[in-house]
Structure formats: structure tokens, C-alpha cells
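If you want the building blocks of each chain, they are given just below.
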Amino acid sequence: MNTRILQIIFAFSFVVMITGCNKTSYEIKSPNGNISVQLKVTEKGHVNYSIQNNLSDVILPSDLGMIRSDADFYNNLSIKSISQPQFISEQYQLNNGKEREISYTANEAVLNTQNKNGKLLQIVFRVSDDGVAFRYIFPEQSDDEVMITEEKTTYHFPDNTKGFLQPTAKAKSGWCETNPSYEEYYKIGIAAGTSSPTKAGWVYPALFNNEQNWIAITEAALNRNYCATRLSVTDSINSTYQVTFPNPEEVLPNGELLPNFKLPYQTPWRVLSIGSLKTVVESTLGTDLADPAIYMDFSFVKPGFASWSWIILKDDNIIYDVQKDYIDFAANMKWEYCLVDVNWDNNIGYEKMQELVDYANGKGVGVILWYNSSGDWNSTTYTPKSKLLTSEQRTEEFARLQKMGVKGIKVDFFGGDGQSVIAYYHDIITDAAKYGLMVNCHGATLPRGWQRTYPNLVTVEAVRVFENVTFNQEEADHQPVHCTMQPFTRNLFDPMDYTPVNLTKVPNIERRTLPGFELALPVIFQSGIQHMAETPTGMNALPQYVKEFLGNCPATWDETKFIEGYPGKYVVLARRSGDQWYIGGINAQDKAQEINLDLSFVSDDQQHLITDDSNDIGLSLKNIILDEKNILRLEMKSKGGFVIY
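Residues numbered from 1 in each chain as written. Predicted model: local features only at pLDDT ≥ 70, side-chain atom pairs only at ≥ 80, totals over all residues. Heavy atoms only, no water.

Attention now moves to the packing of helix α7 (residues 349-362) against helix α8 (residues 391-404). Where α7 meets α8, the closest approach of the two axes is 10 Å, and the angle between their N-to-C directions is 45 degrees. Between α7 and α8, the crossing angle belongs to the class labelled oblique. Contacts from Tyr350, Met353, Gln354, Val357 and Asp358 of α7 reach α8 at Glu397, Arg400 and Met404. A class-by-class count of the residues in the contact of α7 with α8 yields 4 nonpolar, 1 polar and 3 charged. (Axes fitted to C-alpha atoms, helices over the stretch in contact; angles between N-to-C directions. Helix = DSSP H or I, 4+ residues; strand = E, 2+ residues; numbered from the N terminus. Parallel < 35°, antiparallel > 145°, perpendicular 65-115°, else oblique. Contact = heavy atoms within 4.5 Å. Nonpolar A, V, L, I, M, F, W, Y, C, P; charged D, E, K, R; others polar.)

Next up, the structure:
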């Protein structure tokens with residue numbers, strides 16, 4: 001179980017009365033003093049904040065506040081008091097992430113405000129060395145249910161800020177009305193204040209750059225009573241974004257769209273990771289602010305790799321014999337799982353599936369089964385469908401799977417970001433945990449740190465995945481750039497089921513990435529289970545050193561280092577599992593990229609390099625030659641990559 005240790009270090013816990021001190025503004029600084037947040041009330045009674053890093057503007061004065069169904073907490077606010085900053089120190093374990101043993105420290109202050117009718121709103125700020133987080137708390141008690149109709153939080157960026165942003169898809173658009181599923185291509189280096197081309201806003205994490213500062217914005221601790229939010233431009237001239245709510249269609253039948261709850265209540269955290277690109281990529285704020293793990297035995301959760309037939313062979317091969325072959329494939333590769341995808345209930349059936357599960361378990365391979373989450377809110381027809389809609393249905397189905405020996409489920413085609421859909425995620429994940437089932441969500445929202453709260457949530461799609469490359473050439477053409485965006489955005493805080501690594505061929509598609517690029521992806525991308533896109537036949541054609549690498553590569557990490565890179569161009573990451581380091585690099589550019597790697601942190605006997613070559617395989621295993629300063633100089637080919645292990 002994850003642990004949560006909260007230590008209050010400051011001896012002074014008294015409250016500073018702003019009105020008594022005649023103060024109109026207040027400052028909170030990070031423990032190292034570099035990041036500062038300024039708070040004040042404007043003449044119009046609006047509470048706003050601004051952020052600086054090393055005296056450089058990160059966020060210019062921006063709004064705070066809420067409009068509730070029964071009260072206005074934006075206009076005519078007054079500050080009653082603000083608490084003396086307290087030092088927060090938390091330690092927790094994350095068994096599915098870029099770091100295992102995590103320490104989070106920050107200075108926290110609570111701003112106590114009231115509206116013109118005397119109703120109370122607290123705004124809690126935490127300022128850490130790598131960013132800022134804040135949330136709203138309604139401290140009063142009531143048995144009446146209230147609703148948030150608008151969140152007034154804004155982010156006002158300085159001039160010349162650039163954005164690296166993914167548009168939100170229009171609700172109920174796309175295949176079988178399954179959007180939004182966080183599967184659009186990123187707009188790279190656009191001027192801050194540019195409106196989303198879909199008119200539906202921009203998803204999290206949203207990445208920005210101004211001067212020496214990089215800023216990644218997301219949210220965390222998204223509970224079942226709130227909706228997922230996004231960013232929409234409210235002032236393009238002044239580069240201002242507002243936290244906005246989903247579209248009306250993003251609900252379950254008869255479900256709520258907007259946050260609704262009884263008091264007292266605290267909202268999700270608004271999170272900004274701030275600093276150099278290295279600081280942002282290595283930050284764990286997305287899970288630092290997430291809720292701790294629920295109290296349950298999660299020893300059944302085992303990260304690993306999985307074989308998966310559907311990615312290349314598609315629907316017609318979800319049959320007994322092919323799935324048995326893929327179980328053998330996983331066993332031969334020493335992979336932990338085999339994913340059986342759509343229509344297995346009709347093509348194979350529960351009785352024969354029991355045979356497959358028994359066969360797989362006998363080979364040390366766990367079976368993961370696909371499910372359609374949908375009821376009638378889209379027109380998808382894949383089955384099993386409508387088996388997870390109610391608590392009673394889930395209890396019956398999950399108990400059956402547990403008895404069969406199934407290890408996990410892949411649940412697809414969710415219905416958007418409305419509050420009722422968010423509650424549905426919580427229901428599925430918690431009910432699955434009761435029956436020892438790991439969960440992978442597809443056609444889904446960004447998990448926002450849920451993998452900390454629910455360790456059985458091993459991965460989530462919420463990205464334009466390799467599946468799309470198998471559909472048409474345009475998708476394959478865009479893949480290199482798309483992949484080099486993910487470590488800086490989608491995969492920054494949360495596990496991502498991109499389904500990587502195709503080293504041989506995709507039917508009817510000319511793959512644009514070189515084999516070295518593909519081989520590096522399990523190191524570049526983090527996912528609690530990596531579902532691999534290679535076939536048994538393709539793998540058999542590869543040299544033994546490639547098989548050994550893919551058979552031993554970890555799916556979770558103890559430490560991650562950002563070496564170098566730039567969003568949409570290239571990236572080099574180093575990840576440690578136990579005492580062994582893995583280094584991966586990918587290059588999306590039309591030219592080669594020179595890399596100077598300082599390998600002083602890696603022991604000599606671990607340095608094996610696989611990179612692109614002009615031979616028939618397209619790869620070679622090379623000896624590493626370091627200079628006197630332990631620097632390795634190498635070249636990543638255009639659309640190529642490498643791994644060191």
C-alpha cells in the first residue's frame with residue numbers, strides 16, 4: 001500500500017489577519033525561494049494570483065473563483081485571513097510511474113475569503129520547487145446538493161509565450177460518436193492565446209514556454225463528484241486561458257454534466273509544473289497532488305509486457321487458435337500477459353476462454369480481456385457490451401473473471417468528461433480492484449493521477465496510438481513527430497498505452513520510423529503494461545539481442561532522468577530499474593541529431609548499444625566507446641533512435 005506521511009514543520013500555525021494588518025496582497029514562496037505566488041484582491045473584488053520563477057514572469061495576474069448554483073464566489077470577494085505558510089512533506093510509493101520512491105515538499109497557505117453574503121471559500125496554495133498547485137474548498141456544511149456552474153480560474157501568459165497543445169475533439173464526433181478520447185494531434189509551438197480549431201478547448205497536460213520557463217498545466221485528484229476540465233481561450237490578445245467544463249453531450253444517459261456535491265467539499269487541484277524542460281519532464285506533481293491509494297490489497301498488480309494480436313491482425317483473428325499462438329508468443333518472450341481483444345465472447349466464448357486462461361496460466365502468462373464500456377451513448381457494436389453499466393452487472397462479471405483466473409480488463413469507448421462519466425470511471429476501477437483485476441482504459445480521458453489512487457489502473461490510452469498507423473499512410477507519416485511530443489505532454493505524469501514497437505512491417509503501410517526509433521519506445525514511453533505491436537513471425541526474424549532486450553525491458557521504473565530534447569523534434573531519456581539503467585532516444589527531424597551522452601552514472605558492464613544500421617535487419621549491436629570524461633558521442637538518424645542498456 002502507498003503511505004502518506006504529513007509533517008507540519010513550521011512552529012507558527014497562527015492565522016495572519018489581512019484586514020487587521022491592512023494588507024492587500026500576500027506572497028507564498030517555494031522551499032528554495034525561486035518560485036513565488038502573489039495574491040491580491042482587485043478594486044472590483046476579484047481575487048487574483050500571479051507566479052514568478054527566479055523573478056521572471058510565468059503567469060501574469062489571473063483570476064480565481066467559482067460560480068456556484070446558489071452563490072457567487074468570484075465577484076465582490078473579500079479576504080478574511082491567510083494562514084502562515086506551513087511546510088508540507090509527503091513520501092509515497094508509485095509502482096507504476098517514472099519514479100518509485102517519491103518525496104514531495106511544498107509550502108502551503110490557505111486563503112480564507114467570503115462573498116458579499118458572508119459565504120466562505122478557501123483557496124489552498126502549495127508552492128514546491130518544481131511548481132504550483134491550488135484548489136478550492138467550501139468549508140461550510142449543508143445537506144443540500146449544490147452545483148458548480150462555472151470555474152473562473154484563468155492562466156494569463158506573458159507575451160511571446162508559445163503553446164504545445166492538443167485540441168479537444170468535438171463531442172460525439174468521430175467513429176461511432178466516441179469522441180472526445182484525447183486522440184488529436186498536437187499543435188506545436190503556436191502563439192499562446194490561439195483558440196482550439198475544434199472550438200472545444202485544449203486538453204491537459206498543456207505545455208507552454210516563455211523565455212527560460214517551461215510550464216505544464218494539468219489537474220489532479222479528480223474525484224467522482226467533479227467533471228474533467230480543459231482550457232479555453234477567453235482573451236486571445238492577452239494570451240489568457242480559462243478552466244472550462246465539458247460539452248453538454250459528454251454525459252451518461254440521465255447523468256450530470258457539471259460538478260455537484262454536498263458541503264463541505266474540495267475541488268481537484270490545478271497544477272502547474274514550472275522550470276527548465278528537465279525540471280518539467282522529471283516532475284511528479286501530477287501524482288504528488290493526486291489522492292493517496294485507497295485502502296485495499298493491491299498485491300495482485302504486476303506491471304509487465306503483453307502480446308496483442310489485434311493491433312496487426314484485427315477483428316477476424318480474435319479466435320481460439322490465434323490467441324493460443326499469442327499466448328505462446330508471450331511465454332517465449334518472457335512477457336507477463338496476453339491481451340484478447342474485441343468480440344472474444346462471441347468468437348471464442350466463455351467456456352473456451354476458460355481453456356485459454358488455464359493454458360496461459362500454465363505458461364506463466366496472464367490473460368487480459370477486452371470490454372465495451374458503452375451502453376447506448378454511442379453506436380459501437382463490439383462485444384462484450386453493456387455488461388459493466390451497473391454495480392450489480394460489474395459484480396457478477398468481475399466475480400466470474402476472478403474465478404476464471406483472468407488478470408485484467410481493457411475497457412473501451414467511454415463517453416466524455418462530464419461528471420457522470422467521471423463517476424463511471426471510479427466505479428469500474430474500484431469494483432475491478434475488489435476482484436483482483438487490473439484495468440486499462442481506452443477511448444478514455446486523461447487519468448490525472450488516478451494510478452496513484454487506484455494502483456490497479458495500470459494504463460490508459462488517451463492518445464493517438466500506433467493503431468492509427470495501421471489504418472492509413474498519413475498517420476504513419478505523422479508518427480515520428482507525434483511520438484516525440486508524448487514525453488513532454490500526455491505521458492508526462494500518467495501511464496500511456498501507446499502500444500509501441502513494430503520492427504518488421506505493417507500491412508499496406510510504409511512505416512516512417514526506423515527500427516531504432518521503434519525499439520526505443522518502451523523506454524521513452526511509460527505504461528504499467530506495454531502492449532506490443534509486433535507479431536510472432538516478425539519477432540522470429542529479429543536477432544537474439546533484440547529479443548533479449550524486449551524480453552527483459554521493465555514496464556515500471558525507479559528513477560527517470562531527462563537527458564536532452566525538444567518537443568516535436570527529439571528526446572533522450574534515461575530510466576533506472578533496480579541498479580540497471582536503460583537509455584532511449586528518438587529523432588523525428590528530417591536531419592540527424594548529434595548526442596553527447598554523459599554516462600558517468602552508468603556502470604561499465606551495462607553499456608550495450610542498439611541503434612539503426614543499413615543492414616537487412618536495420619539494427620546493430622555496437623560496442624560503446626567513451627572518451628576520458630565518460631561521454632558517448634553518437635548520431636541519431638533522421639526518424640531513427642537507439643537504446644542503451
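Now that the structure is up, let's keep going.
Right, let's talk about the pattern of salt bridges for a bit. One pass over the structure, following the stated rule, counts 25 salt bridges. Ionic pairing is found between Asp558 and Arg100, a salt bridge with its closest N-O pair at 2.6 Å. With Asp558 in the loop between α15 (544-552) and β29 (559-566) and Arg100 in the loop between β9 (86-93) and β10 (101-114), the pair connects residues that are 458 residues apart, well separated along the chain. Accessibility expressed as a relative area gives 24% for Arg100, which makes it partly exposed. We note a salt bridge from Glu510 to Arg512, for which the minimum N-O separation is 3.1 Å. On the accessibility criterion, Glu510 (49% relative accessible area) is partly exposed. The class of Arg512 is partly exposed, set by a relative accessible area of 32%. Because the salt bridges share partners, they merge into one network encompassing Arg224, Arg394, Asp427, Asp431 and Lys434. (Salt bridge = Lys/Arg side-chain N within 4 Å of Asp/Glu carboxyl O. Buried < 20%, exposed > 50% of the residue type's maximum accessible area, 1.4 Å probe, protein only.)

Bringing empty space enclosed by the protein into the picture now. For the structure on display, the rule yields 2 cavities of 30 Å³ or more. Its boundaries defined by the atoms lining it, the largest cavity holds a volume of some 150 Å³. Only α3 (285-288) and β30 (570-577) provide two or more residues apiece to the lining of the largest cavity. Looking at the lining of the largest cavity, its residues break down into 8 nonpolar, 7 polar and 2 charged. Of the pockets and cavities examined, the second largest cavity occupies roughly 40 Å³. Listed by contribution, the elements that provide at least two residues to the lining of the second largest cavity are α11 (466-469) and α12 (473-485). For the lining of the second largest cavity, the element with the highest residue contribution is α12, accounting for 3 residues. Class assignment of the residues belonging to the lining of the second largest cavity gives a composition of 4 nonpolar, 3 polar and 2 charged. (1 Å grid on protein atoms, 1.4 Å probe; cavity = no way out; pocket = protein on both sides within 12 Å on 5 of 7 lines; lining within 4 Å. Points joined across faces, edges and corners; volume = space filled by probe spheres on them.)

A word on the side chain of Ser527. Take Ser527: it is sitting in the loop between α13 (515-524) and β28 (529-531). Given a relative accessible area of 0%, Ser527 falls into the buried group. Polar side-chain contacts of Ser527 include one of 2.7 Å to the side chain of Thr459. Filtering out sequence-adjacent residues up to four positions away, Ser527 remains in contact with Asn96, Val458, Thr459, Pro495, Met496, Asp497 and Ala555. (Polar contact = N/O pair within 3.5 Å; in protein donor to acceptor, adjacent residues only side chain to side chain.)

This next bit is on the sheet that holds strand β31 (residues 580-587). Judged by pairing direction, the sheet is antiparallel, and its 6 strands sit side by side in the order β29-β30-β31-β36-β33-β34 without closing on themselves. Whereas interior strands pair on both sides, the edge strands pair on one side only; in this sheet they are β29 and β34 (619-622). The average angle at which neighbouring strand axes cross in this sheet is 15 degrees, direction not considered. By the bridge criterion, 3 bridges tie strand β33 (residues 609-612) to strand β36 (residues 641-644) in an arrangement that is antiparallel. What sits directly across from Ile610, in β36, is Val643. (Pairing = 2+ DSSP bridges.)

What follows concerns the pairing of β33. Relative to β34, β33 is paired through 4 bridges, and the arrangement is antiparallel. Its bridge partner being in β34, Leu609 is matched across the sheet by Lys622. Counted along the chain from β33 to the antiparallel partner β34, the turn is 6 residues long, and its residue Gly618 has a positive phi close to 85 degrees.

Bringing the sheet that holds strand β23 (residues 337-340) into the picture now. Pairing between the strands of a sheet is mediated by backbone hydrogen bonds and can be parallel or antiparallel. Strands sit in the order β27-β26-β25-β24-β23-β22-β28 across an open sheet of 7 strands; the sheet is parallel. What marks the edges here is a single partner per strand, and that holds for β27 (457-460) and β28. Strand-to-strand twist in this sheet, taken as the mean axis angle between neighbours without regard to direction, amounts to 25 degrees. As paired elements, strand β25 (residues 408-412) and strand β26 (residues 438-441) share 4 bridges and run parallel to each other. Paired with Lys410 across the two strands is Asn440, which belongs to β26.

Right, let's talk about the confidence of the model for the chain for a bit. The pLDDT averaged across the chain works out to 94; a share of 96% of its residues lies at or above 70. This stretch, residues 1-22, has a pLDDT under 50; its non-local contacts, to residues over four places away or in other chains, come to 55 contacts. (pLDDT = per-residue confidence, 0-100.)

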